[in-house]
Amino acid sequence: MYNLLDQHIQYLPSVGPSRALTLAAELDIRNVRDLLFYFPYRYIDRSTIYTVNQLREDMPYVQLRGRISDISELGVGRSRRLEANFADDTGIVRLVWFAGISYLKKTLRKEADYLLLGKPVLFNTAFSISHPELELITSESVQSEMLGLHPVYHTTEKMKRQNLTSRFIEKLVVEVFRQLGTQRVADTLSDELRLQYQLLPLHDALQRIHLPANMQEVPMAQYRHKFEELFFLQLGILSFARKREGKYRGFIFNKVGRLFHRFYNDILPFQLTDAQKRVMQEIRNDLVSGRQMNRLLQGDVGSGKTIVAIMTMLLAIDNGYQACLMAPTEILAEQHYVSVSRIMGQLGLHVELLTGIVKGKRREAILNALQGGEINVLVGTHALIEAPVRFRNLGCAVIDEQHRFGVEQRAKLWRKNTNPPHILVMTATPIPRTLAMTVYGDLDISIINQLPPGRKPIKTVHLYEERNESLVQLIRHEVNAGHQAYVVYPLIKESEKSDLRDLEQGFDTMCATFPDLRIGKLHGKMKDKDKNEIMQLFLSHQLDILVSTTVIEVGVDVPNASVMAIVNADRFGLAQLHQLRGRVGRGAEQSYCALMTGMKMSDNTRKRMEIMVSTTDGFVIAEEDLRLRGPGDIEGTQQSGLFLNLKVASLTRDSEIMESARQAASNLLDADPDRHLPQNQPIWTRLAQLRKTNVDWSAIS
Ligand code: ADP
Ligand code: MG
């Protein structure tokens, strides 16, 4: 059957090949279906027509009716513009365009009647309107088609040049509904689902979101579209996860053997927290289930994730397998190597470190021993996932600080054995639940929501860079007490010279302020060898102050450090500030974090500093971060391999809809695992359509 929705957009009236190309390039609109799923972001009420003498400076978009005269082109190059007068019986406003000039020159008609929509701006004593929307009033009455409620669509500069305005899109949508006539857009959800979640039929929801009769119609339509968007997102994630479960059997680690018991009874230097115990139980359940574990372990900095990783790896070894631990930086890999081999060494196990700087004979020896099975645990950076690294029998892989690794890297680890190993990913960046359900939607989640006993909460202060005496005092006081301090500079791009200069200057200032102290400098442009040397000096307390960029951000553990000063703190995101702050407060002593900003700052900056000062709870900070910045900026979403391209739903505001949508998707997969039920066919068809354009889940399996 012929389906209008599949028709290419270029065949709609007045589109044609050239505009169709632009619509595809700018908005991903290729066929009529894409057009119908391109929603307005607001509506304007065009019931009122103002007159020029009624204009006030504080008016938003207004509508005028009048005639155009005195069209003239002015300026050259970037100031080239088209200007014209627009007059009604009460006065004149000036119109200005900076783009689409030649098109306008051809099409604007002098002395014809126009309906104008735009935002008036007062210049001296006269109003001007730039890039107004103009509509020629023809013989028919203005009333019906032009007045009333109208959708407003986002458009781009490039579109404007081809007169692809919001109004143009609106007309296309009207045309589509006209062509549909009595035919209704086929639904993408089953009646059952619509009934259960009280959703409008797709056809009505589309019509109402584009062309509502009144504003009361909009929320129900939006709800349907939000639900739909989140439902298909979750269906994609969950059906991928189910497919994976069906495809792979997990190694069964049913022995809690000699190594684990010896560690637990003789070596573990403290009591596990209740949260650590609970998480270990969740992991053990996975390991005996016969399914491959894919678990995300979330826990704030210092919550004790490493020990959980070590115990998990011991279970693998107890059951005759190898394990590996992957970290995002050389420094962190080395630290893990030190702590893992300290513990595992006592159990007579063989631990090796593999990073990019391990080369030649040494590397060859490690690779051979790994394949021979003599190495029990390999710790390293992403050097671990390179092709020549072959295990004899990898049973468990732990990935620390997941947000630095993408889904593809996880997938590469799977291929290190004929059956994929159990995977535990650990992150110290707490992720709001809605985001976790999406970015890590295919992982089971465990949370360590408790710090080991005896930790003193870090005291955080906000200081002005112009007045840094209190910072100087703080550092002096702490160093005198035998502690160490970090001073961190933002480096947005490691290549940016001005940032490095800030760091150098900061270093010089510190040296001048504290001539008697031992001060080191660390940044990403340094050679790995030099970086490690400085880090070792700081670790062994041969340095009092470390002036550095964010290379120290992730996971570095120097319990004796008690001051974290962050310069230009406004240039960091909340999550990153939280990470940095977590570098101190690792021992039993009181620690401090000083956030430095200029005295002049935006409201947003002030808000963010207040949040940091008021709480050390990573989950609260993560929620705030999501609220203030939106998900696009949250660290991890870009690298995660998922493109979070939500059009109507919001991760912050629509978490309840997300929960229902996830539940609905999960129920559907339970009820119709083989996708046979006839009433669900539209759902699978739509999922397939979306897959083609959006996320490629198959990359992982
Ligand atoms: P993170 O979760 O940030 O990776 P770590 O695993 O590095 O945290 O643990 C932080 C510190 O807390 C380490 O020095 C670790 O030995 C210690 N630690 C972990 N668990 C406990 C516990 N249950 N009781 C006391 N100290 C603990
Ligand atoms: Mg850690």
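Our structure's up above, just so we're on the same page.
Residues numbered from 1 in each chain as written. Chains lettered and ligands numbered in written order. Predicted model: local features only at pLDDT ≥ 70, side-chain atom pairs only at ≥ 80, totals over all residues. Heavy atoms only, no water.

**Some remarks on the overall build of the protein chain**
Right, so step 1: Helix and strand counts for the protein chain stand at 24 helices and 22 strands.
Right, so step 2: For the protein chain, the spread of C-alpha atoms along the three principal axes comes to 95 × 70 × 45 Å.
Right, so step 3: Here the protein chain holds 701 residues, and 54% of them are scored as buried.
Right, so step 4: The protein chain carries 86 positive and 80 negative side-chain charges, and their two centres are separated by 4 Å. (Helix = DSSP H or I, 4+ residues; strand = E, 2+ residues; numbered from the N terminus. Buried < 20%, exposed > 50% of the residue type's maximum accessible area, 1.4 Å probe, protein only. Lys, Arg positive; Asp, Glu negative; His and termini not counted. Charge placed at Lys NZ, Arg CZ, Asp CG, Glu CD.)

**Quick word on the packing of aromatic side chains**
Right, so step 1: Taken as a whole and assessed by the stated rule, the structure comprises 10 aromatic pairs.
Right, so step 2: Taking the centre distance of 6.1 Å and the plane angle of 50 degrees together, the rings of Phe37 and Phe39 count as tilted. Here the two residues Phe37 and Phe39 agree in accessibility, since each one is buried.
Right, so step 3: Where Phe231 meets Phe232, the ring centres are 5.2 Å apart and the plane angle is 75 degrees; that geometry is what we call edge-to-face. For the pair shown, Phe231 and Phe232 are each scored as buried.
Right, so step 4: Aromatic rings pair up to connect Tyr197, Tyr223, Phe227, Phe231 and Phe232 into one cluster.
Right, so step 5: Looking at Arg42, its charged tip hangs above the ring of Tyr61, at a distance of 4.9 Å from the centre. (Phe/Tyr/Trp six-rings, centres within 6.5 Å; stacked < 30°, edge-to-face > 60°. Lys NZ or Arg CZ within 6 Å of the ring centre and 35° of its normal.)

**Section: the sheet that holds strand E10 (residues 294–299)**
Right, so step 1: An order of E12-E13-E11-E14-E15-E10-E16 is seen for the 7 strands of this open sheet, with the pairing classed as parallel. Among the strands making up the open sheet, the edge pair consists of strand E12 (351–354) and strand E16 (444–448). The sheet shows a mean angle of 20 degrees between the axes of neighbouring strands, taken without regard to direction.
Right, so step 2: Direction of pairing for E10 relative to strand E15 (residues 422–427): parallel, over a ladder of 5 bridges. Bridge assignment links Arg295 to a residue of E15, and that residue is Leu424.
Right, so step 3: Its contacts with the sheet place helix H11 (residues 274–287) against E10, E15 and E16, and it is angled at close to 160 degrees to E16.
Right, so step 4: Contacts from helix H14 (residues 360–372) reach strand E11 (322–326), E12 and strand E13 (377–380) within the one sheet, and its direction differs from that of E12 by about 130 degrees. (Pairing = 2+ DSSP bridges. Axes fitted to C-alpha atoms, helices over the stretch in contact; angles between N-to-C directions. Contact = heavy atoms within 4.5 Å.)

**Examining the side chain of Thr312**
Right, so step 1: Summarising the element assignment, Thr312 is placed in helix H12 (residues 305–318).
Right, so step 2: Not counting chain neighbours up to four residues away, the residues in contact with Thr312 comprise Met280, Ile283, Leu287, Met293, Cys396 and Leu424.

**Details of the environment of Tyr41**
Right, so step 1: Its location among the elements puts Tyr41 in the loop between helix H2 (32–36) and strand E1 (42–45).
Right, so step 2: Taking the C-alpha atoms as reference, Tyr41 lies 46 Å from Asn285; in sequence the two are 244 residues apart.
Right, so step 3: Residue contacts for Tyr41: discarding those within four places in its chain leaves Val152, Tyr153 and His154.

**As for the environment of Ala323**
Right, so step 1: With respect to the helices and strands, the residue Ala323 is situated in strand E11.
Right, so step 2: Through-space distance from the C-alpha of Ala323 to that of Val398 is 7.8 Å; in sequence the pair is 75 residues apart.
Right, so step 3: Setting aside anything within four residues of it in sequence, one finds Ala323 in contact with Met313, Ala316, Asn376, Val377, Leu378, Phe391, Leu394 and Cys396.

**Section: the site of ligand 1**
Right, so step 1: Around ligand 1, a shell composed of 16 residues is seen, among which Gln271, Gly302, Lys305, Thr306 and Arg455 lie nearest.
Right, so step 2: A distance of 2.9 Å separates a nitrogen atom of ligand 1 from a polar side-chain atom of Gln276.
Right, so step 3: Contact between ligand 1 and Arg455: an oxygen atom at 2.6 Å from a side-chain N or O atom of the residue.
Right, so step 4: Each residue belonging to the shell around ligand 1 can be placed in one class, and the counts come to 4 nonpolar, 7 polar and 5 charged. (Near = heavy atom within 4 Å. Polar contact = N/O pair within 3.5 Å; in protein donor to acceptor, adjacent residues only side chain to side chain. Nonpolar A, V, L, I, M, F, W, Y, C, P; charged D, E, K, R; others polar.)

**With respect to the pattern of salt bridges**
Right, so step 1: Counted according to the given criterion, the structure contains 29 salt bridges.
Right, so step 2: Between Arg194 and Asp187 there is a salt bridge whose closest N-O contact spans 3.2 Å.
Right, so step 3: Taking the shortest distance from any N to any O, the salt bridge between Glu386 and Arg363 comes out at 3.6 Å. On the criterion of sequence distance, the pair formed by Glu386 in the loop between E13 and strand E14 (394–400) and Arg363 in helix H14 is long-range, its members being 23 residues apart.
Right, so step 4: In this structure Glu386 comes out as partly exposed when scored by relative accessible area, which is 36%.
Right, so step 5: With relative accessibility at 18%, the residue Arg363 sits in the buried group.
Right, so step 6: Counted as one network, the salt bridges with shared partners bring together Asp187, Asp191, Arg194, Arg224 and Glu228. (Salt bridge = Lys/Arg side-chain N within 4 Å of Asp/Glu carboxyl O.)

**Some remarks on the sheet that holds strand E8 (residues 133–136)**
Right, so step 1: Sheet architecture is open: 7 strands sit in the order E6-E7-E4-E3-E2-E5-E8, paired in mixed fashion. In the strand order of this sheet, the two ends are held by strand E6 (121–123) and E8, each with one partner. Across the sheet, the mean angle from the axis of one strand to that of its neighbour is 40 degrees, orientation sign disregarded.
Right, so step 2: One ladder, built from 6 bridges, connects strand E2 (residues 62–74) with strand E3 (residues 81–88); its direction is antiparallel. Following the sheet pairing, Arg67 is matched in E3 by Ala87.

**Section: the packing of H11 against H12**
Right, so step 1: At a minimum axis separation of 11 Å, H11 and H12 run at an interaxial angle of 30 degrees. In terms of orientation, H11 lies roughly parallel with respect to H12. The two elements H11 and H12 meet at a crossing, and its hand is right-handed. For the pair formed by H11 and H12, the contact residues are Gln276, Val279, Met280, Ile283, Arg284 and Leu287 on the first element and Ile307, Val308, Met311, Thr312 and Leu315 on the second.
Right, so step 2: For the contact of H11 with H12, a count of residues per class yields 8 nonpolar, 2 polar and 1 charged. (Parallel < 35°, antiparallel > 145°, perpendicular 65-115°, else oblique. Left-handed = near helix turned anticlockwise from the far one by under 90°.)

**Some remarks on H12**
Right, so step 1: In this model, H12 (14 residues) spans 20 Å end to end at C-alpha, consistent with the 20 Å of a helix rising 1.5 Å per residue.
Right, so step 2: A large share of H12 lies buried, amounting to 13 of its 14 residues.
Right, so step 3: Where H12 terminates, the next one or two residues include Gly320, which has phi positive at roughly 90 degrees. (Expected span 1.5 Å × (residues − 1).)

Purely spatial values, then, with no claim about function.
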